[in-house]
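Survey of secondary and tertiary structure
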Amino acid sequence: MDEGLTHIFNKRSGVKSLGTKVVGRKVYAYDVVTTTNDLAHFLAREGEQEGAVVVARGQTQGRGRHGKEWLSPEGGLYFSFILRPGLEPERVSRVTLSVGWAVAGGLQELGVGAVSVKWPNDVLLEGKKVCGILTEMSLTADKVGYLVVGVGLNVNTAQKDLPEGAASLAAVSGRTFDIDDLAHILLKRIDTGYGLLLEHKFCHILDDLRAMSQIFLGGRVRVTNGERVVSGYAMDFDEDGGLVVRRDNGTQVNVPSGSLEIL
Ligand code: BTN
């Protein structure tokens, strides 16, 4: 273990279990860390079993997709977990989407406002981003060796402390939330979603996701995936969690992942 990590791991405030089947059967809880994703990668490389969760009250180097920073002040919920799903890399969007489904379902249960899933990794509240999901994979011979899935949720953060276009549960609802209770609610749902994936029942998740994604499904979008840019109408999800886009020339294309702009 390098020195930085020893320092952080020695500050461990507790390891517990949520009694879930896989995700949450072991939870490492911290105060402030660099990023829970790196700690989860470290644990995965050390052989930690799938489902282990690292949760923190704040992060000093929180990261989002495409190398962006993820602001992580205290008052938010930040956690990452390890999965070893034995999936091909092109199917990993299933995992990200099932986590979005779980978070959106949890927020709907709380009754905080209109909740949507914005493919492939955002959950929106009243049309603004409230949660981001960062799925990172470690490949072994073209197969997924393990995944680290990081979830950041703006919970009690004041609107003035949020980036442009972001929301928090408190800013939208005027209530404050117990972060441990929220973590428990979301991890139980994420565990349920992972169970459905493993039982080859992703289609049930997709049925819900169609209803949760009305904010862009059927409308015009632009999807950027590296050098590739696809514009057209977002028609549906495919069975691997990719987005089916109908281009203006009438052809349909399945985009496995990317950044979605709602036009
Ligand atoms: C995104 O929308 O770009 C994804 C944001 C993911 C943020 C979470 S917070 C917990 C975990 N640790 C990180 O550094 N990032 C993820």
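Structure shown above.
On a predicted model such as this, the values are computed, not experimentally measured, just so you know.

Here's the deal with the packing of aromatic side chains
By the definition in use, this model includes two aromatic pairs. Aromatic pair Phe 216 and Phe 237: ring centres 6.3 Å apart, planes at 75 degrees, arrangement edge-to-face. With Phe 216 in the loop between helix H6 (202–212) and strand S9 (220–225) and Phe 237 in strand S10 (residues 228–237), the pair connects residues that are 21 residues apart, well separated along the chain. Each member of the pair Phe 216 and Phe 237 is classed as buried. Residue placement shows Arg 220 over the ring face of Tyr 233; its charged tip is 5.1 Å from the ring centre.

With respect to the pattern of salt bridges
Counting across every chain of the model gives 17 salt bridges. Close ionic contact of Arg 91 with Glu 88 constitutes a salt bridge, the shortest N to O distance being 3.2 Å. According to the relative accessible area criterion, Glu 88 is partly exposed, its value standing at 25%. Here Arg 210 ties to Asp 207 by a salt bridge, and the two come within 3.1 Å at their closest N and O atoms. In this pair, Arg 210 and Asp 207 both sit in helix H6, three residues apart, roughly one turn of the helix.

So, helix H3 (residues 93–110)
Here H3 contains 18 residues, and its C-alpha end-to-end distance of 26 Å stays within 8% of the 26 Å for a straight helix at 1.5 Å per residue. With its phi angle positive at about 65 degrees, Gly 111 sits one or two positions after the end of H3.

Structural notes on the environment of Val 22
Locating Val 22 in the fold gives a position in the loop between strand S1 (14–16) and strand S2 (26–33). As for Val 22 and Ile 82, which are separated by 60 residues in sequence, their C-alpha atoms are 9.8 Å apart. Aside from chain neighbours lying at most four places away, what touches Val 22 is Glu 50, Gly 51, Asp 191 and Tyr 194.

Quick word on the site of the ligand
Taken together, the neighbourhood of the ligand is formed by 21 residues, with Thr 35, Gln 59, Arg 63, Arg 65 and Lys 129 sitting nearest. Residue Thr 35 places a side-chain N or O atom 2.9 Å away from an oxygen atom belonging to the ligand. Within the complex, 97% of the 410 Å² of free accessible area of the ligand lies under protein. Broken down by secondary-structure element, the contributors of at least two residues to the shell around the ligand are helix H2 (36–45), strand S4 (77–83), strand S7 (128–140) and strand S8 (143–153). Per-element accounting of the shell around the ligand gives the leading share, four residues, to S7. Classifying every residue of the shell around the ligand by side-chain character gives six nonpolar, eleven polar and four charged.

Remarks on the environment of Val 245
Locating Val 245 in the fold gives a position in strand S11 (residues 243–246). For Val 245, a relative accessible area of 0% translates into the label buried. Between the C-alpha atoms of Val 245 and Gly 86, which are 159 residues apart in sequence, the distance is 28 Å. Once residues lying within four places of it in the same chain are set aside, the contact partners of Val 245 are Val 223, Val 230, Ser 231, Gly 232, Tyr 233, Met 235, Thr 251, Gln 252, Val 253 and Val 255.

Brief notes about the sheet that holds S9
An order of S12-S11-S10-S9-S13 is seen for the five strands of this open sheet, with the pairing classed as antiparallel. Each having just a single partner strand, strand S12 (252–255) and strand S13 (259–262) make up the two edges of the open sheet. Taken over all neighbouring pairs, the strand axes of this sheet differ in orientation by 45 degrees on average, direction set aside. Pairing of S10 with S11 involves four bridges; the strand directions are antiparallel. Paired with Phe 237 across the strands is Leu 243, a residue of S11.

So, how was this worked out
Residues numbered from 1 in each chain as written. Predicted model: local features only at pLDDT ≥ 70, side-chain atom pairs only at ≥ 80, totals over all residues. Heavy atoms only, no water. Phe/Tyr/Trp six-rings, centres within 6.5 Å; stacked < 30°, edge-to-face > 60°. Helix = DSSP H or I, 4+ residues; strand = E, 2+ residues; numbered from the N terminus. Buried < 20%, exposed > 50% of the residue type's maximum accessible area, 1.4 Å probe, protein only. Lys NZ or Arg CZ within 6 Å of the ring centre and 35° of its normal. Salt bridge = Lys/Arg side-chain N within 4 Å of Asp/Glu carboxyl O. Expected span 1.5 Å × (residues − 1). Contact = heavy atoms within 4.5 Å. Near = heavy atom within 4 Å. Polar contact = N/O pair within 3.5 Å; in protein donor to acceptor, adjacent residues only side chain to side chain. Areas by Shrake-Rupley, 256 points an atom, 1.4 Å probe, with all protein chains shown as cover. Nonpolar A, V, L, I, M, F, W, Y, C, P; charged D, E, K, R; others polar. Pairing = 2+ DSSP bridges. Axes fitted to C-alpha atoms, helices over the stretch in contact; angles between N-to-C directions.

Geometric values such as these leave the question of function open.
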